Amino acid sequence: MPKEIPTEEKSVRERGTYANDGNDPTLASYLSSLFFLLSVPAFVTLAYGGYWAGLYGESAVVPAFAGLLVAGLAGVFAVMHVTTGR
């Protein structure tokens, strides 16, 4: 299958973001990558934030991080399930 070339009607960004071809990036793939990149630093910060705020002791930081990670993954899979209807 020949590659689509940019035209004046659609920019390269529009073709990549809203592509229907499985080989091209989509908005969902961009959001998935964004979650992958930002979730761990955010969850570590939140886990230590709870410790610094006095919500729990230092020994509970790792379990708090694990809980946030599991909850985040469950939330993402729930959103994927609802949006795709599968």
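Here is what the cut-offs are and how they apply
Residues numbered from 1 in each chain as written. Predicted model: local features only at pLDDT ≥ 70, side-chain atom pairs only at ≥ 80, totals over all residues. Heavy atoms only, no water. Helix = DSSP H or I, 4+ residues; strand = E, 2+ residues; numbered from the N terminus. Buried < 20%, exposed > 50% of the residue type's maximum accessible area, 1.4 Å probe, protein only. Contact = heavy atoms within 4.5 Å. Areas by Shrake-Rupley, 256 points an atom, 1.4 Å probe, with all protein chains shown as cover. Axes fitted to C-alpha atoms, helices over the stretch in contact; angles between N-to-C directions. Parallel < 35°, antiparallel > 145°, perpendicular 65-115°, else oblique. Left-handed = near helix turned anticlockwise from the far one by under 90°. Nonpolar A, V, L, I, M, F, W, Y, C, P; charged D, E, K, R; others polar. UniProt positions renumbered as here; feature names shortened; annotations may be inferred. Expected span 1.5 Å × (residues − 1). Patch = residues over 30% accessible without salt bridge, like charges linked within 9 Å, V, L, I, M, F, W, Y side chains within 5 Å. Salt bridge = Lys/Arg side-chain N within 4 Å of Asp/Glu carboxyl O.

Enquirer: Teacher, can you tell me more about the overall build of the protein here?
Expert: Of the regular secondary structure elements, the protein holds 3 helices and 0 strands. The N-to-C order of helical and strand elements in the protein reads α-α-α. Residues classed as buried in the protein amount to 13% of the 86 residues present. Across the protein, contacts joining residues at least 24 apart in sequence account for 19% of those joining residues at least 6 apart. Working note: accessible area of the protein is about 7000 Å², and carbon and sulfur atoms make up 68% of it.

Enquirer: Hey, could you run me through the packing of helix α2 (residues 27-52) against helix α3 (residues 61-84) in this one?
Expert: Each pair of packed helices can be summarised by the angle the axes make with each other and by the distance between the axes. Interaxial distance between α2 and α3 falls to 9 Å at its minimum, and their mutual angle equals 140 degrees. The angle between α2 and α3 falls in the class oblique. Between α2 and α3 lies a crossing whose hand is right-handed. Between α2 and α3, the contacting residues are Phe-35, Val-40, Phe-43, Val-44, Leu-46, Ala-47, Tyr-48 and Tyr-51 on the first element and Val-61, Ala-64, Phe-65, Leu-68, Leu-69, Gly-72, Leu-73 and Val-76 on the second. Each residue belonging to the contact of α2 with α3 can be placed in one class, and the counts come to 15 nonpolar, 1 polar and no charged.

Enquirer: Can you walk me through the UniProt feature "transmembrane region" (unreviewed entry) in the protein in this structure?
Expert: In the UniProt entry, the feature "transmembrane region" (unreviewed entry) is given for residues 34-54 and 60-80. Segment residues 34-54 splits into 90% helix and 0% strand. End C-alpha atoms: 30 Å apart.

Enquirer: Where do I start with α2 in this structure?
Expert: The α-helix advances 3.6 residues per turn, and as a result positions three or four apart in sequence lie on the same side. Between the first and last C-alpha of α2 there are 36 Å, a value that for 26 residues agrees with the 38 Å anticipated at 1.5 Å per step. Within α2, the full set of buried residues consists of Ser-39, Phe-43, Ala-47 and Gly-50. For α2, the secondary structure elements touched by its buried residues are α3. Taken from the residues just after α2, Gly-54 is the one with a positive phi, measuring 85 degrees.

Enquirer: I would appreciate a short explanation of a nonpolar patch on the surface in the present structure.
Expert: Taken together, the side chains of Leu-27, Tyr-30, Leu-31, Leu-34, Phe-36, Leu-37 and Leu-38 make up a nonpolar region of the molecular surface, amounting to roughly 760 Å² of accessible area. The residue Leu-27 is located in helix α2 in this model.

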